[in-house]
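# Secondary and tertiary structure notes
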Amino acid sequence: MKTIGRKFNDFWESPGSPFDLVLVGSVFFLLLFGICVMYSSSSVTAWREFQDSEYFLKKQLVWAVIGLVVFFFFANFPYKRLEKFALGGIIISVLLLVLVFIPGIGKSVGTYYGRNFHRWIGIGPYQLQPSEIAKLAVVVYLSSLIVKLKLKGNRDPKKFILPAILLLAVLILILAEPAFGTTMEILFVVIAFVFLFGFPIRNLLLVGLVSLPLAYLLISQVGYRRKRMEVWLDPYRFRYDEGHQLVTSFRAFLDGGWFGNKLASGYAHRYLTYSHTDFVLATYVEDFGFIGFLFFFALVMILLSRVYVLLKRVEDPFGFYLGAGLLFILGTQFVINSYVVTGLFPITGISLPFMSYGGSSLLVVLAAFGILVNITRKENIGV
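Residues numbered from 1 in each chain as written. Predicted model: local features only at pLDDT ≥ 70, side-chain atom pairs only at ≥ 80, totals over all residues. Heavy atoms only, no water.

## A look at the pattern of salt bridges
- Counting across every chain of the model gives 6 salt bridges.
- Residue Asp 52 pairs with Lys 58 through a salt bridge whose shortest N-O separation is 3.0 Å.
- When its relative accessible area of 22% is taken as the criterion, Asp 52 is described as partly exposed.
- Classification of Lys 58 by relative accessible area gives partly exposed; the value is 45%.
- With a closest N to O distance of 3.3 Å, Lys 135 and Glu 185 form a salt bridge. With Lys 135 in helix α5 (residues 130–151) and Glu 185 in helix α7 (residues 180–197), the pair connects residues that are 50 residues apart, well separated along the chain. As far as burial versus exposure is concerned, Lys 135 and Glu 185 are alike and both buried.
- Where salt bridges share partners, they join Glu 132, Lys 135 and Glu 185 into one cluster. (Salt bridge = Lys/Arg side-chain N within 4 Å of Asp/Glu carboxyl O. Buried < 20%, exposed > 50% of the residue type's maximum accessible area, 1.4 Å probe, protein only. Helix = DSSP H or I, 4+ residues; strand = E, 2+ residues; numbered from the N terminus.)

Structure follows, in structure tokens:
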């Protein structure tokens, strides 16, 4: 048994050649698996809206093919060159975020309660979501910044003015879309980098406590956010309107039982709003049950833990910080979406990597893992 354990430990701690096969294999499997799950979750809605049960599948396959090209590009592109494009990348992200508010370029979606969401740029029959690109740009920029400020011993307060302006611009523009969940996701990443920079965790907690009144105002003074908090605290009170989504998600988990039901035959597939996007996990559990949920959770943990194990041995400072930022933002996305669908977190628009329908999200996820595969190449890993 000790020999088997030692061999497994040696295998788990060692990267592949030249790319880590566990990491690459996990990404490919989750991509294929996620497309199958998305198809099951979207087929009923696609037939009802377009009389084509494969409508969303076809579009997602197009994005998957483009995403694989992006994945292989970043897996082979020298990641250290990204440091040179860090400032330009975040400036372009700010410009793209501005474009979503320009009529004729940006595409808005209205809601039944009168709120308009400005999150997309129309490109023919497809849409680009700049906030997804901004997440990647922020991680690259912060990784470059922390190397310059920390490792080169440059801690002049004036050097923080431009980064603060750019990061605030990204956060404010995304918040104005509005995309509160993505704003929080980026804010968590910024906090993580501040911690990596060496800011004491006690002071971070103090800043968090001081920021609570601002968070309260952002929620209580904006109607739809306040309503979402009320729905989150008592979804069954609003089960016939705003709470329908969360209550239906609860029912999907209950109906799924241990082993699930016949594919695409459950209540949630017919009546759950965004069943193939933000709430795809609910219809997945309805199909495959709690065992299926554990299977998916295990896949995600293998993927993220593999990245963590390899990143610990990356010797290049920029590569380490870039990889840590990507790992954190991807892990945060998995956690927030899972918490939203299960009612542990207020409803917010965060997609589930690999499984949710959406081209921008899939492209950014595959780009991020392409960079991670590149960073954790065997020649970049220390002994």
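## Concerning the side chain of Asp 20
- Take Asp 20: it is sitting in the loop between α1 (2–13) and α2 (21–50).
- For Asp 20, a relative accessible area of 2% gives the class buried.
- Polar side-chain contacts of Asp 20 include one of 2.9 Å to the backbone nitrogen of Leu 23. (Polar contact = N/O pair within 3.5 Å; in protein donor to acceptor, adjacent residues only side chain to side chain.)

## Description of the packing of aromatic side chains
- Scanning the model with the defined rule gives 23 aromatic pairs in all.
- Centre to centre, the rings of Tyr 267 and Tyr 271 are 4.7 Å apart; their planes meet at 45 degrees, and the pair counts as tilted. Of this pair, Tyr 267 and Tyr 271 both sit in helix α11 (residues 267–271), 4 residues apart, which is roughly one turn of that helix.
- For Tyr 267, a relative accessible area of 23% translates into the label partly exposed.
- For the ring pair Phe 296 and Phe 334, a centre distance of 6.4 Å and an interplane angle of 55 degrees mean the geometry is tilted. Of this pair, Phe 296 sits in helix α12 (residues 280–311) while Phe 334 sits in helix α13 (residues 317–341), placing them 38 residues apart in sequence.
- Among the aromatic residues, those joined into a ring-pair cluster are Phe 29, Phe 33, Tyr 284, Phe 288, Phe 295, Phe 296 and Phe 334.
- Looking at Arg 239, its charged tip hangs above the ring of Tyr 240, at a distance of 5.7 Å from the centre. (Phe/Tyr/Trp six-rings, centres within 6.5 Å; stacked < 30°, edge-to-face > 60°. Lys NZ or Arg CZ within 6 Å of the ring centre and 35° of its normal.)

## Focus on the packing of helix α6 (residues 161–176) against α7
- It is at 8 Å that the axes of α6 and α7 come closest, and there the two elements cross at 160 degrees. By the angle class used here, α6 and α7 are roughly antiparallel. The two elements α6 and α7 meet at a crossing, and its hand is left-handed. Residues Val 170, Leu 171, Ile 174 and Leu 175 of α6 lie in contact with α7, whose contacting residues are Phe 180, Thr 182, Thr 183, Ile 186 and Leu 187.
- Taken together, the residues of the contact of α6 with α7 sort by class into 7 nonpolar, 2 polar and no charged. (Axes fitted to C-alpha atoms, helices over the stretch in contact; angles between N-to-C directions. Parallel < 35°, antiparallel > 145°, perpendicular 65-115°, else oblique. Left-handed = near helix turned anticlockwise from the far one by under 90°. Contact = heavy atoms within 4.5 Å. Nonpolar A, V, L, I, M, F, W, Y, C, P; charged D, E, K, R; others polar.)

## Considerations on the environment of Leu 166
- Examined against the element boundaries, Leu 166 turns out to sit in helix α6.
- Put simply, Leu 166 and Tyr 141 are 25 residues apart on the chain and 9.9 Å apart in space, counted from C-alpha to C-alpha.
- In contact with Leu 166, other than residues within four places in its own chain, are Leu 87, Ile 90, Ile 91, Val 94 and Tyr 141.

## Things to note about a nonpolar patch on the surface
- A cluster of nonpolar residues, Trp 258, Phe 259, Phe 290, Ile 291 and Leu 294, forms a patch on the protein surface that exposes about 560 Å² of accessible area.
- Inspection of the secondary structure puts Phe 259 in the loop between α10 (244–256) and α11. (Patch = residues over 30% accessible without salt bridge, like charges linked within 9 Å, V, L, I, M, F, W, Y side chains within 5 Å. Areas by Shrake-Rupley, 256 points an atom, 1.4 Å probe, with all protein chains shown as cover.)

## Things to note about unusual backbone geometry
- Notably, Gln 51 is not glycine yet its phi reads approximately 55 degrees, a positive angle.
- Structurally, the position occupied by Gln 51 is in the loop between α2 and α3 (55–76).
- What makes Gln 51 exposed here is its relative accessible area of 52%.
- Even without being a glycine, Phe 354 presents a positive backbone phi close to 80 degrees.
- Relative to the elements of secondary structure, Phe 354 occurs in the loop between α13 and α14 (359–375).
- In this structure Phe 354 comes out as buried when scored by relative accessible area, which is 3%.

Nothing here speaks to function; it is geometry throughout.
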